[in-house]
Structure formats: C-alpha cells, structure tokens
Amino acid sequence: MGWVRSRKRHKQKSPSEEDDRNHKENQMNKKSLIIKADALFATFWHRHHKCCAIEGCNNPCELCHLISRGNHLFRWDPRNIINLCSWHHKNSKLLSHHGSPEAFKEWMKQNKPEQYEFWQSNKNKIGVSIPEYWYREQVEEIKSW
Ligand SMILES: [Zn+2]
C-alpha cells in the first residue's frame, strides 16, 4: 500500500491537464462510494450496537471515530469506532471523546485495551491518493458483513 504514509511525509506534485480530468472523475466516483460505504456501515453498526458503551449510560448511541473520519483509511474499520451517546461523544467535560480527551483516553485504556492499542498505533497513518478500487473494496466488504 504505497498510498499509506506517516503524517509527516505528505507531498503533492502538480498534475497535468489529463491527470486533472481523471482526477476529477475519480474524485466524483470516490465521493459516491464514500456515501455508499457510510450508509452501509451505519446500518451494520446499529444492528450490533443499541446504546452507549459507557457503563450505566443507556442513551442511544452514535458512531464515534477514534481516528477522525476524515482519515478514510480507518473510517469503516470497526476497530476504530466506538458506540457512544452524543453526550459521551462530544459534550461531557468529565468523560467524552471531544469534551475531555485525556479522561476519555484513560477510559479507553482501561475498558477497551485492544481498541486503545489500535488507536494509538495507527493515529499517525494517513492515506494519500487512495485509489478508487480500494473504496470499491470497502463497499463490497461492508456489504458482506
Ligand atoms: Zn453515554
């Protein structure tokens, strides 16, 4: 996977006109594949997760991405996603991914050690010019779950 880089070495070269056309077409295809993968993934996820992972909280859950969903490499990787209610996802100053990141990290370490490991060891990997076929494969794979 030559398109997986560590965060520091991100470089871009200037594309020719034809490259540019192909690039735009590719981007459109990718965009619709992303929408498809998101929808399939959400359906899969909610089939298996009904409420927040925090003990004692029974609020309905949403998907919380440990590594930002802007990083497509892990956007549909179940190891990168945890079911949290929106309070524990974004708002709580005591325990939430966005509202109290340090406490949340500690909670992950204690309660979801494997996912914590995955998170920490992959958070600096990014995808650069991920090929379209990879997105197609993601869609097919999620369909098969
Ligand atoms: Zn909650």
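This section reports on the structure supplied with the text. (Residues numbered from 1 in each chain as written. Predicted model: local features only at pLDDT ≥ 70, side-chain atom pairs only at ≥ 80, totals over all residues.)

## Considerations on the overall build of the protein chain
Consideration 1: Helix and strand counts for the protein chain stand at five helices and four strands.
Consideration 2: Dimensions of the protein chain along its principal axes, counting C-alpha atoms only, are 55 × 35 × 25 Å.
Consideration 3: Taking all 145 residues of the protein chain together, 21% fall into the buried category.
Consideration 4: Restricting the contact set of the protein chain to residue pairs at least 6 apart, pairs at least 24 apart contribute 60%. (Helix = DSSP H or I, 4+ residues; strand = E, 2+ residues; numbered from the N terminus. Buried ≥ 20, exposed ≤ 12 C-beta atoms within 10 Å, placed from the backbone. Contact = placed C-beta atoms within 7 Å.)

## Re the packing of helix α1 (residues 17-48) against helix α5 (residues 132-144)
Consideration 1: Packing of α1 against α5 brings their axes to within 9 Å, and their N-to-C directions diverge by 20°. The orientation of α1 relative to α5 falls into the category roughly parallel. The way α1 lies across α5 gives a crossing that is left-handed. Residues N26, N29, K30, L33, I34, K36, A37, L40, F41 and F44 of α1 form the contact with α5, whose own contacting residues are E132, Y135, R136, Q138, V139, I142 and K143.
Consideration 2: Residues that form the contact of α1 with α5 fall into these classes: nine nonpolar, three polar and five charged. (Axes fitted to C-alpha atoms, helices over the stretch in contact; angles between N-to-C directions. Parallel < 35°, antiparallel > 145°, perpendicular 65-115°, else oblique. Left-handed = near helix turned anticlockwise from the far one by under 90°. Nonpolar A, V, L, I, M, F, W, Y, C, P; charged D, E, K, R; others polar.)

## Quick look at unusual backbone geometry
Consideration 1: Phi at S129 is positive, roughly 50°, even though this residue is not glycine.
Consideration 2: Relative to the helices and strands, S129 resides in the loop between β4 (125-127) and α5.
Consideration 3: Judged by local crowding, S129 falls into the exposed class, with 10 C-beta atoms found within 10 Å.

## Let's talk about the environment of D77
Consideration 1: Take D77: it is sitting in the loop between β2 (62-65) and β3 (81-84).
Consideration 2: Sequence separation between D77 and H65 is twelve residues; the distance between their C-alpha atoms is 9.2 Å.

## Things to note about α5
In an α-helix, one turn spans 3.6 residues; hence positions three or four apart end up facing the same way.
Consideration 1: For α5, spanning 13 residues, the distance from its first C-alpha to its last is 19 Å, which sits close to the expected 18 Å at 1.5 Å a residue.
Consideration 2: For α5, the complete set of buried residues consists of Y135, Q138, V139 and I142. For α5, the angular spread of buried residues about the axis comes to 95°, placing them on one side. Every exposed residue of α5 that faces more than 90 degrees away from the buried side is listed here: Y133, E140, E141, K143 and S144.
Consideration 3: Where α5 is buried, its residues touch α1. (Expected span 1.5 Å × (residues − 1). Arc of directions from axis to C-beta.)

## Describing the nonpolar core
Consideration 1: Core analysis: the largest hydrophobic core is formed by 14 residues, its most contacted members being C52, I82 and L84.
Consideration 2: Those elements that provide at least two residues to this core are β3 and α3 (101-111).
Consideration 3: The element contributing the most residues to this core is β3, with three residues.
Consideration 4: Look past the residues within four positions of C52 in its chain and what remains in contact with it is C57, N58, N59, C61, N83, L84, C85 and H88.
Consideration 5: Grouped together as the second largest cluster of nonpolar side chains are six residues, F41, Y135, V139 and I142 included. (Core = buried A, V, L, I, M, F, W, Y, C linked by C-beta atoms within 7 Å.)

## Observations concerning the environment of G70
Consideration 1: Counting through the fold element by element, G70 comes out in the loop between β2 and β3.
Consideration 2: The exposed category is assigned to G70, around which 8 C-beta atoms lie within 10 Å.
Consideration 3: Spatially, the C-alpha atom of G70 lies 16 Å from that of W134, the residues being 64 residues apart in sequence.

## Quick notes on the environment of F41
Consideration 1: Position of F41 relative to the elements: it lies in helix α1.
Consideration 2: When the 20 C-beta atoms within 10 Å are taken as the criterion, F41 is described as buried.
Consideration 3: Sequence separation of F41 and R75 is 34 residues, and the distance between their C-alpha atoms is 9.4 Å.
Consideration 4: Dropping the residues within four chain positions of it, F41 is found in contact with W76 and I142.

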